[in-house]
Protein chains: 2
Amino acid sequence: MTHRHAFRRGRGARGIPPRRINRFLEPALLLLLHHHAAHGYALIEGLNKLGLEAYPADVSTVYRVLYDLEAAGMVTSTHETEQTAGPPRRVYQLTEEGQAYLASWVQELEQTDRMLHRFLEAYQEHVEGDAAHTHNATQNVIDQEGAQ
Amino acid sequence: MTHRHAFRRGRGARGIPPRRINRFLEPALLLLLHHHAAHGYALIEGLNKLGLEAYPADVSTVYRVLYDLEAAGMVTSTHETEQTAGPPRRVYQLTEEGQAYLASWVQELEQTDRMLHRFLEAYQEHVEGDAAHTHNATQNVIDQEGAQ
DNA sequence: ATAATCTATTTGCATTATACAAATAGACCG
DNA sequence: CGGTCTATTTGTATAATGCAAATAGATTAT
């Protein structure tokens, strides 16, 4: 069997609310870096201020995304020279290419947003706009007919 | 190295626009089944009518999601008795539990929607609302200061 | 001095989500 | 009988991502 285990809560890409958009951390970090350069630890806190409190970010994921963004030339990094209360910070800086990439992300997310709205509207029209029918005794019959 | 290959286009959960919400196919199929019972092949076409044309569904994914939903008791299935122009169809029917599950999905998606809006608004305010600063020569200095 | 603690980054690993491809299968048509 | 259409199923590769722990420097308390 090649099936996923339905509704299982293990590790990995799990479905904890709110439902995530794939790789959303990427544009979120890029936007924060558009404000100003920053190191990973600060970015993790910055995510909350972006209004993503309900979207707790995993540290390892953040650092890996930053690593990948750098490998792709979307950001550059330098080790901070001044003393810190810990190991040297790696400060990330958005590149021109990264800005363009963020813009393309936004365009795609606007599409995602429209799609989400169509779905939610369809739900409200069909389900909430017709609350009675949910427990209507004839529903099963209608459904059978609908199956063509 | 445990790093992803950035921006690679192989198989798997890839980033093709519009950016997907994790497991979005699940609520989409549940909503279609709320309209009326249907078999997999018809549901694939139904997704387009839901306004998800830009969200082409992979057949195997659809069937696997249906299988998992049944295993979880969210839908039931029966083999269609009447003759078809192919192998017997498996017709899926939404259960009461499935309806409740769809409702919980919608609540989570509304959260996702709010989060997406906060992000898009933040982008517009910061980036589009201040187009000049993108190519401002002093930007790098400001960024450095911002890195605390 | 050294153990605990904080800040900060990195690495290992397990698991889910999902796309591409092909196999399977019944019915019908030429 | 081979091709084609409808329809479902299975194999497989890989990306995305969370949990946990290792690493490490600096500061503070014992």
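Not measured: the values here are computed from a predicted model. (Residues numbered from 1 in each chain as written. Chains lettered and ligands numbered in written order. Predicted model: local features only at pLDDT ≥ 70, side-chain atom pairs only at ≥ 80, totals over all residues.)

1. A closer look at the overall build of chain A
Check the secondary structure of chain A and you find five helices and three strands. Taken from N to C terminus, the helices and strands of chain A fall in the order α-β-α-α-β-β-α-α. Scored against the burial criterion, the 148 residues of chain A give a buried share of 25%. Within chain A, counting contacts between residues at least 6 apart in sequence, those at least 24 apart form 55% of the total. (Helix = DSSP H or I, 4+ residues; strand = E, 2+ residues; numbered from the N terminus. Buried ≥ 20, exposed ≤ 12 C-beta atoms within 10 Å, placed from the backbone. Contact = placed C-beta atoms within 7 Å.)

2. Some thoughts on the sheet that holds strand E2 (residues 75-79) of chain B
Remark on secondary structure: sheet strands pair via backbone hydrogen bonds, oriented parallel or antiparallel. All names here are of chain B. Spatially, three strands are ordered E1-E3-E2 in an open sheet, and the strand pairing comes out antiparallel. What marks the edges here is a single partner per strand, and that holds for strand E1 (38-39) and E2. Here E2 runs beside strand E3 (residues 90-94); their pairing, made up of five bridges, is antiparallel. Its bridge partner being in E3, histidine 79 is matched across the sheet by arginine 90. Each of E1, E2 and E3 touches helix H1 (residues 25-35); the most contacted strand, E3, lies at about 90 degrees to it. (Pairing = 2+ DSSP bridges. Axes fitted to C-alpha atoms, helices over the stretch in contact; angles between N-to-C directions.)

3. Side note on the packing of helix H2 (residues 40-52) of chain B against helix H3 (residues 59-71) of chain B
All names here are of chain B. Running from amino to carboxyl end, H2 crosses H3 at an angle of 115 degrees, the nearest separation of the two axes being 10 Å. Crossing angle aside, the handedness with which H2 passes H3 is right-handed. Where H2 abuts H3, its residues Gly40, Leu43 and Ile44 lie against Val59, Val62, Tyr63 and Leu66. (Left-handed = near helix turned anticlockwise from the far one by under 90°.)

4. Describing the pairing of E3(B)
In terms of strand pairing, E1(B) meets E3(B) through two bridges, oriented antiparallel. What sits directly across from B:Ala38, in E3(B), is B:Tyr92.

5. Description of the environment of B:Ala42
For B:Ala42, the position within the fold is in helix H2. In sequence terms B:Ala42 and B:Leu25 are 17 residues apart; their C-alpha atoms lie 14 Å from each other.

6. Here's the deal with the sheet that holds strand E1 (residues 38-39) of chain A
Residue and element names in this part refer to chain A. Read across the open sheet, the three strands follow the order E1-E3-E2; overall the sheet is antiparallel. Because the sheet does not close on itself, it has two edges, and the strands there are E1 and strand E2 (75-79). Docked against the sheet, helix H1 (residues 25-35) engages E1, E2 and strand E3 (90-94), running at close to 90 degrees with respect to E3.

7. A short note on the nonpolar core
Among the nonpolar cores identified, the biggest contains 58 residues, and A:Leu29, A:Leu30, A:Leu33, B:Leu29, B:Leu30 and B:Leu33 are the most heavily contacted of them. At the level of secondary structure, the elements contributing two or more residues to this core comprise H1, helix H3 (59-71), E3 and helix H4 (96-126) of chain A together with H1, H3, E3 and helix H4 (96-126) of chain B. What B:Leu29 contacts, discounting residues up to four positions off in sequence, is B:Leu43, B:Val65 and B:Leu66. (Core = buried A, V, L, I, M, F, W, Y, C linked by C-beta atoms within 7 Å.)

8. Considerations on unusual backbone geometry
Residues and elements named next belong to chain A. Despite not being glycine, arginine 23 shows a phi value in the positive range, around 60 degrees. You can see arginine 23 is positioned in the segment before H1. By C-beta crowding, arginine 23 is classed as partly exposed, having 18 other C-beta atoms within 10 Å.

9. A word on H1(A)
Note on helix geometry: an α-helix contains 3.6 residues per turn, so any two residues three or four positions apart are oriented the same way. The buried count for H1(A) comes to 10 of 11 residues, which makes it a mostly enclosed element. Looking only at H1(A), the buried set comprises A:Leu25, A:Glu26, A:Pro27, A:Ala28, A:Leu29, A:Leu30, A:Leu31, A:Leu32, A:Leu33 and A:His34.

10. Side note on the packing of H1(B) against H4(B)
Residue and element names in this part refer to chain B. It is the contact of H1 with H4, at a shortest axis distance of 10 Å, that shows an interaxial angle of 130 degrees. In this view, H1 runs oblique relative to H4, as classed from their interaxial angle. Crossing of H1 over H4 shows left-handed handedness. Every residue of H4 that contacts H1 at Glu26, Pro27, Leu30, Leu31 and His34 is listed here: Gly98, Gln99, Tyr101, Leu102, Trp105, Val106 and Leu109. Along the lines of polarity and charge, the residues of the contact of H1 with H4 split into eight nonpolar, three polar and one charged. (Parallel < 35°, antiparallel > 145°, perpendicular 65-115°, else oblique. Nonpolar A, V, L, I, M, F, W, Y, C, P; charged D, E, K, R; others polar.)

That is the geometry; function is a separate question.
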